Amino acid sequence: MFQIFTRQEIAPKTVHLKIEAPLVARKVQPGQFVIVRVDEKGERIPLSICGFDREAGTLELIVQAVGRTSHEIYDLQAGDSFLDVVGPLGVPTHAEKFGTCVLIGGGYGSGAILPMGRKLKELDNKVYGIVGARTKELLIFADRLQAALDRLFITTNDGSAGMQGLVTDALKAILDDEPVHYVVAVGPVPMMRAVSDMTKPLGIPTMVSLNTLMVDGTGMCGACRVTVGGETRFSCIHGPEFSGHDVDYDELVARQRMYAEKERAALEEYLKQKEQSLCQA
Amino acid sequence: MSGLSIKDRIKIPRHKAPEQPPEVRSRNFEEVCLGFGLEEAKEEALRCIECPKPSCVAGCPVGIDIPRFVKLVGEGAILEAAHVLKEKNILPAICGRVCPQEKQCEQSCVIGKRGEPVSIGKIERFVADFERLSGRVELPKPGASTGCSVAIVGSGPAGITGAFELARLGHRVTLFEAMHKPGGVLYYGIPRFRLPSDVIESELKALEYLGVEIFKDAVIGKALSIEDIFKMGYDSILLGTGAGLPKMLGIPGENLVGVYSANEWLTRLNLMRADLFPDYATPIEYGKNIVVIGAGDAAMDGARTSIRLQPEAVTLVYRRSRAEAPCRVEELHHAEEEGVKTRFLTNPVRFIGDSHYKLKAIEVMEMALGEPDSSGRRRPIPIEGSNWTIECDTAIIALGCDINPLVTRSTPGLELTKSGIVVVNTETGMSSIPGLFAAGDVITGGSTVISAMGQAKVAAKGIHDYLVAKKGLRLQYAAV
Ligand SMILES: Cc1cc2nc3c(=O)[nH]c(=O)nc-3n(C[C@H](O)[C@H](O)[C@H](O)COP(=O)(O)OP(=O)(O)OC[C@H]3O[C@@H](n4cnc5c(N)ncnc54)[C@H](O)[C@@H]3O)c2cc1C
Ligand SMILES: Cc1cc2nc3c(=O)[nH]c(=O)nc-3n(C[C@H](O)[C@H](O)[C@H](O)COP(=O)(O)OP(=O)(O)OC[C@H]3O[C@@H](n4cnc5c(N)ncnc54)[C@H](O)[C@@H]3O)c2cc1C
Ligand code: SF4
Ligand code: SF4
Ligand code: FES
């Protein structure tokens, strides 16, 4: 069992958890993820690691409640446990001295870029961050990123914080200003795609962390298949980061939606049951 | 009873175990074969002529004393027969169900030369079930402690067998398993209607009695490397990680929505219980027409689980002919009885999707058989211009597996073949790294449950001998 030590709601429907996972914490590197399962009937879902403490044996995760399983996790409290936490999975972020790096996060991706930023800083890079959200209260980890990176750019669609616009507007402003040598984007597919479209003509190496569907996370099932540069890759063992310029995004999105109808029904069922048990209590 | 002459025995016709009728079983996940009752098992046992030099034993990869256990069944001494089985095979209820007997022990049975062989597998299953359900299972005990510890990576048939053998000898055994349940392919691959979960669980209980410590959710090569495990103080390691990396076709459209690997399809249904969605949270998606590509065990399991989901049609597509199909004869027969259609000498060339990336058809080509290839089977050759399409919304690719690279590629100095298979000394099971042994699909690229178990026994003996030499133990290996 993997206990939740702290739980904090950091944005609406979004929790930041610190959990017990000593085996994972010992080896984890930035860019890696875990697969978790809440209970015996639960689904195995992948979550990025946004912080870790090797000595304390803890990991930090950010979970956005989107479907049934992430709602189940959202509803867990400090003191509750995950039945399974498996990892660290995936290939760590490639880090070397690049020069100027820009890390871009949307949603839970704003958490995932934090350990990457720290690592790139250790290697003497100049590291800029960009985080975007629809509105101010949805911003995640802005304060931590601000503290850890050379500079943080914030964008909101409604202009309630930082500059009004999208992360790509901030990226464009940076690119207009100075040379950039490396870009990493973690977040919703349209965001990663837009970033890649912008850097491709400039030839700036750009990595995107793909959030494919997964089951085992160890290369056994192939659920996480993506087409990159015309080749089939398994994002759990070959990724999750791939060159953003080579990913077949349309296929990725179609595969992510494979179970959309069923997942919607499952979420409704879960929420209904939750309401009933609350009424009875 | 044993007053029967050989002539009389040979005259007894082979008993067939009762099965759920195809039209009933194709709508449920209950076990297909119902197994022998006591009388049938005893009568079938009488067909064995107790050969003084039994050829059947050589056909069994773990060398079960077949005439001895079968004779005991004929005499009605079932629990004694179970003990004989367990001298060599700790998973008899599993092997009695999934062994390809027709290619192993039964193929070598002398009675089979003229008529039909003794139904060894079904008798084995009966004996194991009888013992299991009798409540009088003889529990294994760990040997007196040797002070040595062995780590086992992977809990499929190879890892389980290795753990069992070594714990019985008194070594402290720790099993590391990547998934959340032990069992390997037994659990996530082979469907419940061939191998019910309670059968696996009860045979795996032996590990508990032997004090084997099981760490689930531990991905070796990621959470811990082989080097880390040695550093933790383990004296030796047995690698039994199987061959779990599904081969894909490498043709256009293989990542369309609706195209599964057999591993994913079966894992969702078996391990994750997608058949019980939404009670269980993992979904599975399929349409009216399911096409399964391949003709091995996984293809049969893919097709037969598909039929049970009751789509309009399930079609098996295979590029060679029926004669070359690598699956068990019984499974192909079962699949066809249940309504699976077959298209032999047919090879997919591309998957065709709609504008939403959803699979809608597969373009295939007809094949002809040429000269035998390196596998000894006749090579399929495409017939130019024979292309046609099969309408379908779901496809399951079942072409077998490559070796998963997580451990093998993260272990410097480990010798691999070109295709990534771990090279071992066939007499000891030791790899190119001293103290690291391997068994099962990771050294063959894919074979059978019982062969993996046989290799694990070789490796267990290899490990024991290695520890004897290294630590000056005085304990002799007593083969089980
Ligand atoms: C490497 C990786 C890292 C991830 N990191 C995080 C993270 O740190 N925090 C976080 O909140 N989410 C993360 N995700 C996404 C997360 O796994 C999914 O949101 C989760 O599986 C949704 O499950 P659900 O049952 O709640 O939603 P569902 O009802 O299953 O689906 C809701 C939506 O999520 C998408 N989705 C469904 N299943 C998956 C899946 N297995 N993987 C990806 N997307 C899926 C669907 O396309 C749908 O749009 C990550 C995904 C990957 C592959
Ligand atoms: C669908 C299907 C049906 C089959 N049907 C039959 C049949 O009817 N009869 C028959 O005899 N054979 C059958 N086979 C073949 C048989 O199952 C295998 O030959 C046998 O399971 C091999 O045993 P193993 O222990 O080597 O590997 P596996 O059973 O593959 O077990 C390997 C274990 O190691 C774990 N593992 C892998 N990597 C790691 C890691 N890095 N760290 C920790 N753990 C890890 C896996 O999760 C797994 O539990 C079938 C195979 C398949 C796929
Ligand atoms: S274990 Fe398999 S091969 Fe050996 S006797 Fe039993 S059924 Fe035959
Ligand atoms: S070869 Fe056949 S008849 Fe002879 S001992 Fe074996 S099972 Fe009996
Ligand atoms: S999630 Fe199963 S292979 Fe990647």
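Residues numbered from 1 in each chain as written. Chains lettered and ligands numbered in written order. Predicted model: local features only at pLDDT ≥ 70, side-chain atom pairs only at ≥ 80, totals over all residues. Heavy atoms only, no water.

Novice: Before we go on, may I ask you to explain the packing of aromatic side chains in this structure?
Specialist: What characterises a pair of aromatic rings is the spacing of the ring centres plus the angle enclosed by the ring planes. All names here are of chain B. One pass over the structure, following the stated rule, counts ten aromatic pairs over all chains. Geometrically, the ring pair formed by F176 and F215 is stacked, given 5.6 Å between the ring centres and 10° between the ring planes. Here the residue F176 occupies a position in strand β2 (residues 172-176), and F215 occupies one in strand β3 (residues 213-215), the gap between them amounting to 39 residues. F215 sits in the partly exposed class, given a relative accessible area of 39%. With 6.4 Å between their ring centres and 75° between their planes, W265 and Y286 make a pair best called edge-to-face. Here Y286 lies in the loop between α14 (262-270) and β7 (289-293) and W265 lies in helix α14, a separation of 21 residues in the sequence. Its relative accessible area of 30% is what places Y286 among the partly exposed residues. The structure contains a cluster of three or more aromatic residues connected by ring pairs, namely F176, F215 and Y234. (Phe/Tyr/Trp six-rings, centres within 6.5 Å; stacked < 30°, edge-to-face > 60°. Helix = DSSP H or I, 4+ residues; strand = E, 2+ residues; numbered from the N terminus. Buried < 20%, exposed > 50% of the residue type's maximum accessible area, 1.4 Å probe, protein only.)

Novice: Help me understand the interface of chain A and chain B in this model?
Specialist: Note on interface size: it is often stated as the accessible area lost on association of the parts. Taken together, the contact between chain A and chain B spans 46 residues of the former and 45 residues of the latter. With both chains or domains summed, chain A and chain B bury close to 4000 Å², and 56% of this area falls on carbon and sulfur atoms. On the chain A side of the contact with chain B, A:K41, A:M220 and A:Y259 bury the most area, a combined 17% of that side's loss. Measuring nitrogen to oxygen at the nearest pair gives 3.1 Å for the salt bridge that ties B:D279 to A:K41. Here chain A is connected to chain B by 24 residue pairs in polar contact (both at pLDDT 80 or more). For the side of chain A that touches chain B, the elements supplying multiple residues, two or more each, are α1 (22-27), α2 (68-74), β8 (84-89), β15 (225-228), β16 (231-234), α7 (249-256) and α8 (260-280) of chain A. The element best represented in the side of chain A that touches chain B is β8(A), accounting for six residues. (Contact = heavy atoms within 4.5 Å. Buried area = accessible area lost by both parts, 1.4 Å probe. Salt bridge = Lys/Arg side-chain N within 4 Å of Asp/Glu carboxyl O. Polar contact = N/O pair within 3.5 Å; in protein donor to acceptor, adjacent residues only side chain to side chain.)

Novice: How should empty space enclosed by the protein be read in this particular structure?
Specialist: Left-over empty space is what a probe sized like a water molecule reveals as it rolls over the atoms. All names here are of chain B. In this structure the tally under the stated criterion is six cavities of 30 Å³ or more. By volume, the largest cavity amounts to about 150 Å³. Residue lining of the largest cavity: 15 residues in total, with C33, R97, R194, E330 and E331 positioned closest to the centre. Elements supplying a minimum of two residues to the lining of the largest cavity: α7 (92-98), α9 (120-134) and α16 (329-337). With three residues, the single largest contributor to the lining of the largest cavity is α16. When grouped by side-chain class, the residues that make up the lining of the largest cavity number three nonpolar, three polar and nine charged. If you count residues domain by domain, the lining of the largest cavity takes at least three from each of domain 1 (6-134) and domain 3 (246-401). (1 Å grid on protein atoms, 1.4 Å probe; cavity = no way out; pocket = protein on both sides within 12 Å on 5 of 7 lines; lining within 4 Å. Points joined across faces, edges and corners; volume = space filled by probe spheres on them. Nonpolar A, V, L, I, M, F, W, Y, C, P; charged D, E, K, R; others polar. Domains from an automatic or database assignment.)

Novice: Looking at this structure, how should I read the sheet that holds strand β16 (residues 436-438) of chain B?
Specialist: Hydrogen bonds along the backbone pair up the strands of a sheet, which may run parallel or antiparallel. All names here are of chain B. Spatially, five strands are ordered β3-β2-β1-β4-β16 in an open sheet, and the strand pairing comes out parallel. Edge positions in the sheet fall to β3 and β16, since each of these pairs with one other strand and no more. With direction set aside, neighbouring strand axes in the sheet form an average angle of 20°. As judged from the three bridges shared by strand β4 (residues 236-239) and β16, these two strands associate in the parallel manner. (Pairing = 2+ DSSP bridges. Axes fitted to C-alpha atoms, helices over the stretch in contact; angles between N-to-C directions.)

Novice: Quick question: what am I supposed to make of the packing of α14(B) against helix α15 (residues 297-308) of chain B here?
Specialist: In helix packing, the relevant descriptors are the interaxial angle and the interaxial distance, both defined with respect to the helix axes. All names here are of chain B. Two elements in contact, α14 and α15, have axes whose closest approach is 10 Å; the angle formed by their N-to-C orientations is 50°. Viewed along their axes, α14 and α15 adopt a mutual orientation that is oblique. Taken as a pair, α14 and α15 cross one another with a handedness that is left-handed. The residues of α15 that touch α14, namely those facing A262, W265, L266 and L269, are A298, D301, G302, T305 and S306. (Parallel < 35°, antiparallel > 145°, perpendicular 65-115°, else oblique. Left-handed = near helix turned anticlockwise from the far one by under 90°.)

Novice: Can you help me understand the domain arrangement of chain A in this one?
Specialist: All names here are of chain A. Per the domain assignment, the segments of chain A are domain 1 (2-89), domain 2 (93-206) and domain 3 (210-259). On a C-alpha basis, the centres of domain 2 and domain 3 stand 22 Å from each other. Taken together, the contact pairs 13 residues of domain 2 with twelve residues of domain 3. With both chains or domains summed, domain 2 and domain 3 bury close to 1000 Å², and 54% of this area falls on carbon and sulfur atoms. Considering only the side of domain 2, the residues that lose the most area to domain 3 are V189, R193 and T206, jointly responsible for 47% of the buried surface there.

Novice: Is there a simple way to think about the sheet that holds strand β4 (residues 45-48) of chain A in this case?
Specialist: All names here are of chain A. Reading across the sheet, the three strands line up as β4-β3-β8 and stay open at both edges, with antiparallel pairing between neighbours. Of all strands in the sheet, those with a lone pairing partner are β4 and β8, marking the two edges. Across the sheet, the mean angle separating the axes of adjacent strands is 30° when strand polarity is ignored. Sheet topology note: the strand β3 (residues 33-37)/β8 ladder contains four bridges and is antiparallel. If you follow V36 over to β8, its bridge partner there is V85.

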